[in-house]
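Inside the fold
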Amino acid sequence: MEAGGDTTAPGPGDAEDLGDTRFPSEEAGEDGGVHEDPPDPGDGDLEKTESETKDQPPGLLSPLPQSEALSCTCGLWDPVTSEDSPMGGPESGSGGQGGDPSDDDWRSKRKHVFVLSEAGKPIYSRYGSVEALSTTMGVMTALVSFVQSAGDAIRAIYAEDHKLVFLQQGPLLLVAVSRTPQSAAQLRGELLAVHAQIVSTLTRASVARIFARKQNYDLRRLLAGSERTLDRLLDSVERDPGALLLGAVRCVPLARPLREALGALLRRCTAPGLALSLLAIGGRLVTAAQERTVLAECRLDPADLQLLLDWVGAPAFAAGEAWAPVCLPRFNPDGFFYAYVARLDAMPVCLLLLGTDPEAFHDMATCRRLLEEGMHSLGAMRALGEAASFSSAPATSAPAYSVQAVGAPGLRHFLYKPLDIPDHHRQLPQFTSPELEAPYSREQERQRLSDLYHRLHARLHSPSRPLRLIYHVAERETLLAWVTSKFELYTCLSPLVTKAGAILVVTKLLRWVKKEEDRLFIRYPPKYSTPPAAPAASTDQPSHNGLFPGP
Amino acid sequence: MRKPDGKIVLLGDMNVGKTSLLQRYMERRFPDTVSTVGGAFYLKQWRSYNISIWDTAGREQFHGLGSMYCRGAAAVILTYDVNHPQSLLELEDRFLGLTDTASTDCLFAIVGNKVDLVEAGAAESQEKEGRGPGTAGGGGLPKVPKPVQPEDAAALYNKILKYKMLDEKDVPAAEQMCFETSAKTGYNVDLLFETLFDMVVPVILRQRAQGPPQTVDIGSCKTPRRTRSGCCA
């Protein structure tokens, strides 16, 4: 196992400092100022932000919600405020009245994510109520426009243990304020995912149109009900990292013949205008088939695929057969597809049929019956049920496997992303990881592991000094991250393992993955299928077609 | 696939309880609130007919799809929250227009959901002010907005008839088509759906006799156009 010259092996003594930014100490400041603005001016800015918000609560913040409430009762029955109380639950309303920046509970959150309009109108906040945050968001807008007025764009501010990352996307401004060890690039990736989520429900074009027409439009009107989806997305980063970190989707472990039979079935069952059909369990991919006529040139971007996988996992799709518009931001941020989503046979198996015709619900429903029949005759339902049944968290009903299956004592968890897939399959980046088991069953522990993975990932992919191999002894575990031309691997090992022992475990793991790769990954994604042409009615109306938003 | 014989659509502002009403009826339970995405399709066997029910999202985000769900509908259930007068107004402002694509002899039901909350509010105010029962939340707490009265719903029903240029003699009376329900307790939920199913069956038979298919079809596009021109005239 040859390592890059930069292999760092901090002794156990260093491990005491897990909680702070000690980890990259050997290359001090690498995290701090590589591509971004120097940290010093940033420090000043942040303090200004803090002191301003601290000074103002009694004077400025309290009257604001009141005036909102007033306008609620007399005029519009604001759907957002009414939605907030029953739906927000304890999670989002954590600060009681919520989001008062002087509130200790709110301030103590590890990571805040805000979305606001260019005019400074609050749209989304991970914690607290956006109304109470008007002032804070005003400060953010001020920072952005101040730098903008100098013909520049603010990207990030580093202040002690905080990172503030700014992302401007059309008329929307996204801001992350984080105390996690995530790098600015990783935070930016998260903000991009949040933006993609918003675009997927509204399309970029309609967001732009709305703000072009009315600059101070309250976008919450249109996003009402979608906040929970954003909350879930941001939570998943801390609970179950991988998809966003590696830019890959996770597959349901399944015997190759069955997966291929299902793929063939998906290709066979088509409907007019069908673009993509996909089977998933608990946010993990079973298999997918794309139609040649619609998606021939561009394979689906993994980010779009992941978005769909998260989307179909929403509780709204638990009952009935759903028909809803959805936009794939990477494929075409300005147009809608129409999605048929249903759980098959009252099982956790979820079917998604994505088409371009807004009126094709009944065609899709027919297609589903065909698929269901086909799956029954394959005996696939039972096999998929078995795949879904192993899970330490039955509530999620996510198909998974135990790390014990590897048979490498000392190995606690890993993320493995193959890079040696044949070229024409590269558009389906995948990764695999076992279920998070003890000692990572509690929220706090998962967060800690997620932090460690993020740190290792940031070091491996550091733009100035990328590393190939990292052996890191932390306080409660030992980690080994390794990237080669064939794979990218993050392993979490028992803290008592020796360096030689770790290498042994990793060797064993690699051998196991090789043996199981047909089951763990979609090695040979199904080829295209050709659906019957859409009826004349829908080709007459290109504006209805998600792909061609009209002349 | 079993082709549905008739279509019923649930419309109304977000958070009035459309999904909860349907789940209460179909699955006999009152689950946690989830925000509907787009629309959800259910099939209900009633006598020898397959009645499809579309549960739509009340969110403004999905507004554009509304008329698609309503196309050729035999009945529309306009739902509001009795505790939120604005949700009744929204029915007229935002949702009535969507029903232009419905069948010309479409039935309309107006449903005030969440009456259990009114009773709770009334009981509370009664405790506080020591007033007698009977004024179904008439006074209410200062915090709770004044609930919607059944007469308000009946007034809306008559407005709809005017809008649709329907003669009061040809359609069921307002008393028959205005309901107050509670998806939480199940109050009036079965009555609502089953009354409507029984009323929809003759519509289905009539449509069958006339021949035009009520599901997605190029032919059905003509129906809404006729309705619209009728309105403007």
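Let me sum up the structure you'll find in this document.

Conventions adopted
Residues numbered from 1 in each chain as written. Chains lettered and ligands numbered in written order. Predicted model: local features only at pLDDT ≥ 70, side-chain atom pairs only at ≥ 80, totals over all residues. Heavy atoms only, no water. Core = buried A, V, L, I, M, F, W, Y, C linked by side-chain atoms within 4.5 Å. Buried < 20%, exposed > 50% of the residue type's maximum accessible area, 1.4 Å probe, protein only. Helix = DSSP H or I, 4+ residues; strand = E, 2+ residues; numbered from the N terminus. Contact = heavy atoms within 4.5 Å. Phe/Tyr/Trp six-rings, centres within 6.5 Å; stacked < 30°, edge-to-face > 60°. Lys NZ or Arg CZ within 6 Å of the ring centre and 35° of its normal. Disulfide = S-S within 2.5 Å. Buried area = accessible area lost by both parts, 1.4 Å probe. Salt bridge = Lys/Arg side-chain N within 4 Å of Asp/Glu carboxyl O. Polar contact = N/O pair within 3.5 Å; in protein donor to acceptor, adjacent residues only side chain to side chain. Nonpolar A, V, L, I, M, F, W, Y, C, P; charged D, E, K, R; others polar. Pairing = 2+ DSSP bridges.

Focus: the nonpolar core
By size, the foremost hydrophobic cluster in this structure holds 97 residues, and its most contacted members are A:Trp323, A:Met375 and B:Ile110. At 10 residues, the largest contribution of residues to this core is made by helix H7 (residues 189-210) of chain B. Ignoring any residue separated from it by four or fewer positions in sequence, one finds B:Ile110 in contact with B:Leu78, B:Tyr80, B:Leu88, B:Ala153, B:Leu156, B:Tyr157, B:Ile160, B:Met177, B:Cys178 and B:Phe179. One finds A:Phe317, A:Val341, A:Leu354 and A:Ile522 within the second-largest nonpolar core, a separate group that totals 32 residues.

Observations concerning the packing of aromatic side chains
Counted by the stated rule, this structure contains 20 aromatic pairs over all chains. Ring centres 5.4 Å apart and planes at 85° place the aromatic pair A:Trp482 and A:Phe487 in the edge-to-face group. Taken as a pair, A:Trp482 and A:Phe487 share a single burial class, namely buried. Where B:Phe41 meets B:Trp54, the ring centres are 5.3 Å apart and the plane angle is 65°; that geometry is what we call edge-to-face. One end of the pair, B:Phe41, is in strand S2 (residues 39-46); the other, B:Trp54, is in strand S3 (residues 49-56), and 13 residues separate them in sequence. Residue B:Trp54 is classed as buried on the basis of its relative accessible area of 3%. Put simply, the rings of A:Trp323, A:Tyr338, A:Tyr340, A:Phe361, B:Phe41, B:Trp54 and B:Tyr69 pair up and form one aromatic cluster. Seen from the ring of A:Tyr127, A:Lys109 lies directly overhead, with NZ or CZ sitting 4.7 Å from the centre. Over the aromatic face of A:Tyr127 sits the side chain of A:Arg126, whose NZ or CZ is 4.7 Å from the ring centroid.

Side note on the state of the cysteines
Per the stated rule, a full pass over the model turns up 0 disulfides over all chains. Of all cysteine sulfurs, the one in A:Cys269 lies closest to A:Cys367, which takes part in no disulfide; the gap is 5.4 Å.

So, the interface of chain A and chain B
Each side of the interface is counted separately: chain A has 37 residues, and chain B has 34 residues. Buried surface at the junction of chain A and chain B, both sides included, amounts to about 2900 Å², of which 62% is carbon and sulfur. At the boundary of chain A with chain B, the tally comes to 2 salt bridges. Where A:Arg221 meets B:Glu60, a salt bridge forms, and the shortest distance between an N and an O atom there is 2.8 Å. Counting every contact that joins chain A to chain B gives 8 residue pairs in polar contact (both at pLDDT 80 or more). Elements supplying a minimum of two residues to the side of chain A that touches chain B: helix H5 (79-92), helix H8 (184-202), helix H10 (220-223), strand S9 (321-326) and helix H16 (361-378) of chain A. Its residues assigned to classes, the side of chain A that touches chain B comprises 24 nonpolar, 8 polar and 5 charged. Direction of pairing for S9(A) relative to S2(B): antiparallel, over a ladder of 3 bridges. By the bridge assignment for S2(B), A:Ala322 is matched with B:Ala40.

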